[in-house]
Amino acid sequence: ARNLCRGTSRLERGFADVYAEGSGGGGSGGGGGGGTCRELLFQFQRFLQRRGQRHLLQFCFDADSFKAACGSRCSAANTGLTALAESGGPSETSVADNPSSRVAERLRKLIESDAVSLYKAYLAPEANPKLPIDDAIKVQIVEAMCSDNESHCIQPNTFDAARQAVYSLLADQLYNEFLSSPILAEYQLDFLSNRLGELNISDIVYCSSLVFNFMEYMDSLGASRFLQFLFDVRNFESNSASPEAATAASDEDALCLYDRYFSLQATYPLGFDDQFRVEVEIALCPSEPGAGVRLDCFERANQLVLQYLQAAYLPSYLSSNMLSNHIASLTYLVDTAYLRSAKEQQQQQQQVQSNNYQQQFHRHSSTSTAATTSSTVGSVHSEPVTNADYQRSIVNFGRVDHLGRFHSDLHPIDGRKYGGGGGGG
């Protein structure tokens, strides 16, 4: 089937494919792979941006661009100088005036300028943000860029060690974290909500988050052996392609798959007829003595199983409760992430407002305290208070005689009495 591309899913792709799209290589594989890789690259950049790590990906792109440009410029410069030397060349006094020499020098300075710009942007002590690489790599790069020889030309592989260290961090750690992030979940949720009818079996089988849901669905129908066969073939190809893989071990793994799925005594028969079983047996035979089993010996069987799953199980799966539950889980994950993000933003705003209020309060308190202190100090030192002033400030309301009786010094106004009895108007 035209759309059943092995190893490709529009819901998820490997880091190498996504990176190739950003570096100009384009995503590998068919089935709209390029567009998918562009979309996933954008989502991965969003993921890195939120974590303040987007410069890591950009450095790898810039290092690749430098290497490509430096390689072509070095080649052009060397070609010009070689042609000049082979032609007998001008005398030493006129070599600087030779067009080939001037071009070579201009190219060398362009390479040097690009290298210095790349170093300042990502590796220099004042670079911000910095790359998480060892200082030894930085020293190695500086030594490769600097030389007492004026004709020294910076080599294309100058930044290879730094680029490889950052690329490994992206591929082995950060991209795996991205695959389980709410950002990718949001992208997949949008696809499943709006483009469900476009989904094919490859989109499901090669998507790590969705394939387990599909596996549960197939297991509920007693047909998980078809999906298990695809997993086993993938593991066989991956292990056999490893440089450490032994030919005998690969042959044994291939025979185990044949016995399990194709032989007359197969433990999990896939339903292939005798003619196809013979084709598999022929594919298992080495093309020459000692060559071992070919890695693609199960390729046709793999493709036929994909087509069978597409026709027999995909339509019912797309309308199943199992897939609906998966979509609901994605929705919950995305909503929770948005709520958490909104709460964090609110807390940050409240913290900023609180800090601003405290700063304003401290400024106001400092100003008020300074003004009060100045006023108090001024009044104290301007007119000192004497004992006579203090005595004059005392107000007497009466006195007590020797019998302990109180006699008021306050005289009633207009004959009115104060206190004690009396009523009426």
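Residues numbered from 1 in each chain as written. Predicted model: local features only at pLDDT ≥ 70, side-chain atom pairs only at ≥ 80, totals over all residues. Heavy atoms only, no water.

- An unreviewed UniProt entry annotates the chain as RGS domain-containing protein of Macrostomum lignano.

### Some remarks on the overall build of the chain
Logical step 1: For the chain, the helix and strand inventory stands at 16 helices and 2 strands.
Logical step 2: Across the 425 residues in the chain, those meeting the buried criterion constitute 33%.
Logical step 3: Across the chain, every contact between residues at least 6 apart in sequence was considered, and the portion connecting residues at least 24 apart equals 68%.
Logical step 4: Of the accessible surface of the chain, which amounts to about 25800 Å², a share of 52% is contributed by carbon and sulfur atoms. (Helix = DSSP H or I, 4+ residues; strand = E, 2+ residues; numbered from the N terminus. Buried < 20%, exposed > 50% of the residue type's maximum accessible area, 1.4 Å probe, protein only. Contact = heavy atoms within 4.5 Å. Areas by Shrake-Rupley, 256 points an atom, 1.4 Å probe, with all protein chains shown as cover.)

### Some details on the side chain of glutamate 12
Logical step 1: Along the chain, the position of glutamate 12 falls in the segment before helix H1 (15-22).
Logical step 2: Put simply, glutamate 12 is tucked away with no salt bridge, and the nearest opposite charge, on arginine 234, sits 7.8 Å away.
Logical step 3: A distance of 2.8 Å separates the side chain of glutamate 12 from the side chain of serine 208, its partner in a polar contact.
Logical step 4: Discounting chain neighbours no more than four positions away, the residues touching glutamate 12 are Leu40, Leu179, Gln188, Tyr206, Cys207, Ser208 and Ser209. (Lys, Arg positive; Asp, Glu negative; His and termini not counted. Salt bridge = Lys/Arg side-chain N within 4 Å of Asp/Glu carboxyl O. Polar contact = N/O pair within 3.5 Å; in protein donor to acceptor, adjacent residues only side chain to side chain.)

### What about H1?
Logical step 1: Taken as a whole, H1 has its buried residues at Phe15, Asp17, Val18, Tyr19 and Glu21.
Logical step 2: Glycine 24, located one to two residues past H1, shows a positive phi value of around 100°.

### Observations concerning the packing of helix H9 (residues 208-220) against helix H10 (residues 224-241)
Logical step 1: Direction vectors running N to C along H9 and H10 enclose 140°, while the axes themselves pass 8 Å from each other. Contact with H9, carried on its side by Val211, Phe214, Met215, Met218 and Asp219, involves Ser224, Leu227, Gln228 and Phe231 of H10 and no other residues of that element.
Logical step 2: Of the residues in the contact of H9 with H10, the class split is 6 nonpolar, 2 polar and 1 charged. (Axes fitted to C-alpha atoms, helices over the stretch in contact; angles between N-to-C directions. Nonpolar A, V, L, I, M, F, W, Y, C, P; charged D, E, K, R; others polar.)

### Examining the pattern of salt bridges
Logical step 1: Within the structure shown, the criterion is met by 17 salt bridges.
Logical step 2: Linking lysine 109 and glutamate 105 is a salt bridge whose minimum nitrogen-to-oxygen distance equals 3.6 Å. Of this pair, lysine 109 and glutamate 105 both sit in helix H4 (residues 99-122), separated by 4 residues, roughly a single helical turn.
Logical step 3: The exposure class of lysine 109 is partly exposed, given its relative accessible area of 48%.
Logical step 4: The shortest N-O distance in the salt bridge between arginine 294 and aspartate 296 comes to 3.0 Å.
Logical step 5: Arginine 294 gets classed as partly exposed once you look at its relative accessible area, which sits at 37%.
Logical step 6: What makes aspartate 296 partly exposed here is its relative accessible area of 42%.
Logical step 7: Salt bridges here are not isolated pairs; linked through shared partners, they connect Arg10, Arg195, Glu198 and Asp203.

### Describing the nonpolar core
Looking at soluble globular proteins, one finds that nonpolar side chains tend to be buried together.
Logical step 1: Counting residues in hydrophobic clusters, the biggest one holds 49 residues, and the most contacted among them are Phe214, Leu227, Phe229, Phe262, Phe298 and Leu309.
Logical step 2: Looking at this core element by element, the count peaks at 7 residues for H10.
Logical step 3: If we ignore the near neighbours within four places in the chain, the residues touching phenylalanine 229 are Tyr261, Phe262, Leu270, Ala301, Asn302 and Val305.
Logical step 4: Counting residues in each nonpolar core, the second largest holds 42 residues, with Phe15, Val18, Phe47 and Leu118 among its members. (Core = buried A, V, L, I, M, F, W, Y, C linked by side-chain atoms within 4.5 Å.)

### Quick notes on the packing of aromatic side chains
In this description, an aromatic ring pair is defined by two values, namely the gap between the centres and the angle between the planes.
Logical step 1: Inspection of the entire model under this criterion finds 28 aromatic pairs.
Logical step 2: Both rings, one in phenylalanine 44 and one in tyrosine 175, keep their centres 5.1 Å apart while their planes meet at 75°; by these two values the pair is edge-to-face. Residue phenylalanine 44 is located in helix H2 (residues 33-50), and its partner tyrosine 175 is located in helix H6 (residues 160-179); the two are separated by 131 residues in the primary sequence. The same class applies to phenylalanine 44 as to tyrosine 175, namely buried. (Phe/Tyr/Trp six-rings, centres within 6.5 Å; stacked < 30°, edge-to-face > 60°.)

### Describing the side chain of serine 250
Logical step 1: Structurally, serine 250 is set in helix H11 (residues 247-261).
Logical step 2: The class for serine 250 is buried, based on a relative accessible area of 11%.
Logical step 3: Here the side chain of serine 250 touches serine 240 through a polar contact of 3.3 Å, side chain to side chain.

### Some points on the environment of aspartate 62
Logical step 1: On the secondary structure map, aspartate 62 appears in helix H3 (residues 54-86).
Logical step 2: Taking the C-alpha atoms as reference points, aspartate 62 and leucine 118, separated by 56 residues in sequence, lie 7.6 Å from one another.
Logical step 3: With residues up to four places along the chain from it excluded, the contact list for aspartate 62 reads Leu118 and Tyr122.
Logical step 4: At 2.6 Å, the side chain of aspartate 62 forms a polar contact with the side chain of tyrosine 122.

### Details of unusual backbone geometry
Logical step 1: Along the chain, asparagine 128 connects to proline 129 via a cis peptide bond; the corresponding omega equals 0°.
Logical step 2: Considering the arrangement of structural elements, one finds proline 129 in the loop between H4 and helix H5 (135-145).

### Side note on H11
Logical step 1: Taking 1.5 Å of rise per residue, the 15 residues of H11 would be expected to cover 21 Å, and the 21 Å separating its terminal C-alpha atoms lies within 8% of that figure.
Logical step 2: Those residues of H11 that are buried lie in contact with H10 and helix H12 (274-284). (Expected span 1.5 Å × (residues − 1).)

### Some remarks on the confidence of the model for the chain
Logical step 1: The share of residues in the chain with pLDDT of 70 or more is 70%, and the mean pLDDT across the chain is 81.
Logical step 2: With pLDDT under 50 throughout, residues 90-95 is counted as low confidence; its partners more than four residues away or in other chains account for 5 contacts.
Logical step 3: In the predicted structure, residues 418-425 sits below a pLDDT of 50 and forms 2 contacts with residues beyond four places in sequence or in another chain. (pLDDT = per-residue confidence, 0-100.)

### Digging into the environment of glutamate 198
Logical step 1: By the element assignment, glutamate 198 lies in the loop between helix H7 (182-194) and helix H8 (201-205).
Logical step 2: Glutamate 198 sits in the partly exposed class, given a relative accessible area of 41%.
Logical step 3: Once residues within four sequence positions are removed from consideration, glutamate 198 is found in contact with Arg10 and Asp203.

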